[in-house]
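Chain and residue survey
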Amino acid sequence: MRLSLSITNYSWPSGPAPLRDELTAVARAADDAGLDTVWVADHLIQADPSSTPEAEMLEAYATLGFLAAVTRRIRLGTMVTAVTFRPPSLLIKAVTTLDVLSGGRAWLGVGAGYQEDEARDMGLPLPPLAERFERLEETLRLARQMWAGDDSPFEGRHHRLGRPLNNPPALTRPHPPILVGGMGERRTLRLVAEHADACNLFYIPDGGATIRRKLDVLARHCEAVGRPYDDIAKTVSTRLNAGESAQELAARCAALGTLGIDHAVVITDGPWAEEAVGRLAAAQDKL
């Protein structure tokens, strides 16, 4: 079981002036502790349910570039990017650049997107859901083409590129791992089976019924497309509860492992603190 932390809130109590120092301390603590990945939310407006839209929010890929410079080994990615908020080639180039400059530590975390208020307030494109899934599928195909070094014209329904160059190439081979977020059984999990290296499900306290069902659906999609089910990492987003001990978190993660989950992405109420990172690391040591 791998453990990661997901940063969704940047409102440290000490205020905005030392935000950089707080972020650096948390990322370095996670790096030193041997955690798998630091994820950041990809929003322009604060969307953490424990916060408010007016609170501090950093742009995701600039933040990941900064984190690459202050860490050594931990992987880096968004949880997750709304596919329509950036042109596909720009998104793929951003992840490639992160992979090159971090020494091969980048993820592409992407999904169909959902934040209608943010799109309206910030002037971001968010077409109808069916079109968003079409664009997601095209972006995933383009990513694999560009990462394979194929600069031949790309023709999709929504995206047409004359010569999608990608130089320098990503360091990770065959390409940076692709995570598709969401639990939709008909479209999202099908795209995972066809194009992704990892899925991301949500923790629901129902005795594991939802996770079992979603993973069963994913297995059927993998069979339908001829993809080995074990090729795909199964991640789940869950919360470090207030007062939850490392032992309690480890037990919860071990239970998730019996359902088929092999990577827990942990969020927390409010901004991360080094003490909470320490609990996460202690939980990992118990697994």
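In what follows, the structure referred to is the one given above.
Residues numbered from 1 in each chain as written. Predicted model: local features only at pLDDT ≥ 70, side-chain atom pairs only at ≥ 80, totals over all residues. Heavy atoms only, no water.

Observations regarding the overall build of the chain
A count of helices and strands for the chain gives nine helices and 11 strands. Its C-alpha radius of gyration of 18 Å places the chain within 12% of the 19 Å reference for a compact globule of 287 residues. Structurally, the chain occupies a C-alpha span of about 50 × 45 × 35 Å along its principal axes. Counting across all 287 residues of the chain, residues that qualify as buried make up 53%. At a minimum sequence separation of 6, the contacts of the chain that also span at least 24 residues come to 73%. Total accessible area on the chain is roughly 12400 Å²; 53% of this is exposed by carbon and sulfur atoms. On the chain, the mean spot of the 31 positive side-chain charges and the mean spot of the 37 negative ones are 4 Å from each other. (Helix = DSSP H or I, 4+ residues; strand = E, 2+ residues; numbered from the N terminus. Rg over C-alpha atoms; globule rule 2.2 N^0.38 Å. Buried < 20%, exposed > 50% of the residue type's maximum accessible area, 1.4 Å probe, protein only. Contact = heavy atoms within 4.5 Å. Areas by Shrake-Rupley, 256 points an atom, 1.4 Å probe, with all protein chains shown as cover. Lys, Arg positive; Asp, Glu negative; His and termini not counted. Charge placed at Lys NZ, Arg CZ, Asp CG, Glu CD.)

Regarding the state of the cysteines
All chains considered together, the criterion is met by zero disulfides. Left without a disulfide partner, cysteine 199 is nearest to the cysteine sulfur of cysteine 222, which lies 9.0 Å away. Looking at cysteine 253, it has no disulfide partner, and the nearest cysteine sulfur is the one in cysteine 199, 15 Å off. With relative accessibility at 1%, the residue cysteine 253 sits in the buried group. (Disulfide = S-S within 2.5 Å.)

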